[in-house]
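Coordinate inspection notes
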Amino acid sequence: MTYWLLTTEFPPIYGGGISTYCWHTAKMLAQKGDSVTVFLQDFSIDSIKEENPFANCRLIRFRPELQKQAEALGYEARLSFEFSCILEKYIQQEGKPDYIETQDYMGIGYYSLLKKQLLYPAFQDIPIILTVHAPGFLYLEYNQVPQYKFPEFWYGEMEKGSIRMADILISPSNYIMEELKSRMDLNQVPSTRIFNPFIPLESNETNYTPNDIAFFGKLTPQKGCLEMFEYFSTMWDNGFEHPLRVIGGGSHFFYPQQEDMIDFIKRKYKRHIDSNKILFEGNISPEKLVARLSKAHVIITPSIVDNLPYAVLEAMSLKKVVLAAENGGHSEILNDGKSGFIFTHSNKVDFENKLHHILQLSPKEIQQIGELARTDVITNTNYE
């Protein structure tokens, strides 16, 4: 099978779960003997560059300015158009692939799907799959970003158009599909749930550092960081002694306050930072991440909306106890009270109660939960 994959992220370009997904998907198909081609925009090159990251996988990097459309199209629309043109070029050179897969985010498959609908010969008879990762028009809403300004509104419309034109939608969670269905009509679009492929992380570390409480993710409203800091602030004011360690974070503009989220957090919770209750560890390279996560007593995922975050899969595969909000596809893998714990934001004391319960578990109980967590991840995501 010949499989082409369109993406805005692929290692070593890391932006989040899309990069991780594309790496695992390409690995999965290549190991099965399929021929995989990944198309990725890259401003660091002048034209087109091909390389082979591993056997049966070709990575095609292209500068998304080859069509000279800068005066006519904004960045997101131009990027999608460039993807369609590079596809057309390679189809004419090599013939049609068996499948093309595109991400939803930024609508990068919009013009390719539109050309298929408009009966462009190069795009006929090729099934185009759209994988739901992180639809921007949905996440903008939860991230409190203005939804009706340029260009966010229009690339949201491109995402919606891509979703409606796809031959089939793949989503790793039912949760995110229900979120989409509440905002657009998907009755005529075939869809199915397929958990993200994932090669579990391995660690020789079996011990944890008691009371090492870690948040691992982006500091955005969608990830539930605002609620999380409020919970901890109340707990610390009531005598809770243990700090929260923030891994990752990144730069994310918080529109309601017109400043970066981390600056807002540092300003609002300065007294807790000064008393070493909030400890920022910053971004950690992939090669050092396993060792850091392995030290954690509990890893928190407080999302207010999420699909199937790889951060949860990675933590569970390392036999870590995860405390996650119910708002996401991870609740379809994590077995509450057995392979981890799920809390609800609607009950203001549920987070605190669950965290206290976890910290009071015996080392043997922590180990048992970790073993079940790894089993749940392997059972749901293993493609062997």
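Everything that follows concerns the structure shown earlier in this document.
Here we summarise the structure given alongside this text. (Residues numbered from 1 in each chain as written. Predicted model: local features only at pLDDT ≥ 70, side-chain atom pairs only at ≥ 80, totals over all residues. Heavy atoms only, no water.)

1. Some thoughts on the overall build of the protein
Scanning the protein from N- to C-terminus turns up 13 helices and 16 strands. Taken against the 2.2 N^0.38 rule, which gives 21 Å for 384 residues, the C-alpha radius of gyration of the protein at 22 Å falls within 12% of a compact globule. Each of the three principal axes of the protein carries a C-alpha extent, and together these read 65 × 45 × 40 Å. Looking at the protein as a whole, 56% of its 384 residues are labelled buried. Here the contacts in the protein between residues at least 6 apart in sequence split such that 68% fall between residues at least 24 apart. Of the charged side chains in the protein, 37 are positive and 48 negative; the average position of the first set lies 2 Å away from that of the second. (Helix = DSSP H or I, 4+ residues; strand = E, 2+ residues; numbered from the N terminus. Rg over C-alpha atoms; globule rule 2.2 N^0.38 Å. Buried < 20%, exposed > 50% of the residue type's maximum accessible area, 1.4 Å probe, protein only. Contact = heavy atoms within 4.5 Å. Lys, Arg positive; Asp, Glu negative; His and termini not counted. Charge placed at Lys NZ, Arg CZ, Asp CG, Glu CD.)

2. Overview of the nonpolar core
Ranked by size, the top nonpolar core spans 43 residues in total, and within it Val38 and Met316 carry the most contacts. The biggest single contributor to this core is helix H1 (residues 17–31), with seven residues. For Met316, the contacting residues outside a window of four places in its chain are Val322, Ile333, Leu334, Ser339, Gly370, Ala373, Arg374, Asp376 and Val377. Counting 35 residues, the second largest nonpolar core, distinct from the first, contains Leu226, Leu244, Tyr269 and Ile366. (Core = buried A, V, L, I, M, F, W, Y, C linked by side-chain atoms within 4.5 Å.)

3. A few points about the sheet that holds strand E1 (residues 2–7)
Strand order in this open sheet of eight strands is E3-E4-E2-E1-E5-E6-E7-E8, and the pairing throughout is mixed. Each having just a single partner strand, strand E3 (48–54) and strand E8 (191–193) make up the two edges of the open sheet. Going across the sheet, the axis of each strand differs from the next one's by a mean of 25°, ignoring polarity. For strand E5 (residues 99–103) and strand E6 (residues 128–131), the ladder comprises four bridges, and the chain directions are parallel. Considered in E6, the bridge of Thr102 is made with Leu130. Sheet contacts for H1: E1, strand E2 (35–41), E3, strand E4 (57–62), E5 and E6; angle to E3, the most-contacted strand, approximately 65°. (Pairing = 2+ DSSP bridges. Axes fitted to C-alpha atoms, helices over the stretch in contact; angles between N-to-C directions.)

4. Looking at the side chain of Asn196
Note that Asn196 resides in the loop between E8 and strand E9 (213–218). Those residues in contact with Asn196, other than ones at most four positions away along the chain, are Tyr21, Pro172, Leu308, Tyr310 and Thr381.

5. A look at the pairing of E2
The buried fraction of E2 amounts to six of the seven residues, a majority that puts the element mostly inside the structure. Strand direction decides the pairing type here: E2 and E4, joined by six bridges, are parallel. Note on E4: the bridge partner recorded for Val36 is Cys57.

6. With respect to helix H3 (residues 110–117)
All buried positions along H3 are accounted for by Tyr111, Ser112, Leu113, Lys115 and Lys116. Elements that come into contact with the buried residues of H3 comprise E1, helix H2 (75–94), E6 and helix H5 (152–165). Leu119, located one to two residues past H3, shows a positive phi value of around 70°.

7. Thoughts on the sheet that holds strand E13 (residues 278–282)
Taking strand neighbours across the sheet as the criterion, the six strands line up as E13-E10-E9-E14-E15-E16 in an open arrangement whose pairing is parallel. Edge positions in the sheet fall to E13 and strand E16 (341–343), since each has one partner strand and no second. Ignoring strand direction, the axes of neighbouring strands in this sheet form an average angle of 25°. In this structure, strand E14 (residues 298–301) lies alongside strand E15 (residues 322–325), joined through three bridges in parallel fashion.

8. What about the packing of helix H11 (residues 310–317) against helix H13 (residues 363–381)?
The N-to-C vectors of H11 and H13 enclose an angle of 125°; their axes lie 7 Å apart at closest approach. Taken together, the axes of H11 and H13 lie oblique to each other. Across the interface between the two elements, Leu313, Met316 and Ser317 of H11 pack against Gly370, Ala373, Arg374, Asp376, Val377 and Thr381 of H13. Here the residues of the contact of H11 with H13 sort into four nonpolar, three polar and two charged. (Parallel < 35°, antiparallel > 145°, perpendicular 65-115°, else oblique. Nonpolar A, V, L, I, M, F, W, Y, C, P; charged D, E, K, R; others polar.)

9. Digging into the pattern of salt bridges
Side-chain pairs of opposite charge can arise where the charged atoms are in close proximity. In total, this model carries 24 salt bridges according to the counting rule given. Two residues, Arg245 and Asp212, come together in a salt bridge whose shortest N-O distance is 3.5 Å. Here Asp212 lies in the loop between E8 and E9 and Arg245 lies in strand E10 (residues 244–249), a separation of 33 residues in the sequence. With a closest N to O distance of 3.1 Å, Glu230 and Lys268 form a salt bridge. Within this pair, whereas Glu230 is found in helix H7 (residues 225–237), its partner Lys268 is found in helix H8 (residues 261–268), the two being separated by 38 residues in sequence. If you follow the salt bridges from partner to partner, you end up with Asp212, Arg245, Glu281 and Arg292 in one network. (Salt bridge = Lys/Arg side-chain N within 4 Å of Asp/Glu carboxyl O.)

10. Looking at the pairing of E10
Summarising the sheet, E9 and E10 pair through six bridges and their orientation is parallel. Among the inter-strand pairings, Gly217 is bridged to a residue of E10, identified as Gly248. The β-α-β motif built from E9, the intervening H7 and the parallel element E10 has right-handed crossover chirality. (Right-handed = clockwise from strand over helix to strand, strands pointing away.)

11. Details of the side chain of Ser84
Tracing the sequence through the fold places Ser84 in helix H2. Taking the relative accessible area as the measure of exposure, Ser84 reaches 0% and is therefore buried. Discounting chain neighbours no more than four positions away, the residues touching Ser84 are Tyr111, Ser112, Lys115 and Phe123.

12. Quick notes on the packing of H3 against H5
The interhelical angle for the contact between H3 and H5, taken along N-to-C directions, is 45°, at an axis separation of 9 Å. Viewed along their axes, H3 and H5 adopt a mutual orientation that is oblique. The chirality of how H3 crosses H5 is left-handed. On H5, the residues that touch Tyr110, Leu113, Leu114 and Gln117 of H3 are Met158, Gly161, Ser162 and Met165. Tallied by class, the residues present in the contact of H3 with H5 amount to five nonpolar, three polar and no charged. (Left-handed = near helix turned anticlockwise from the far one by under 90°.)

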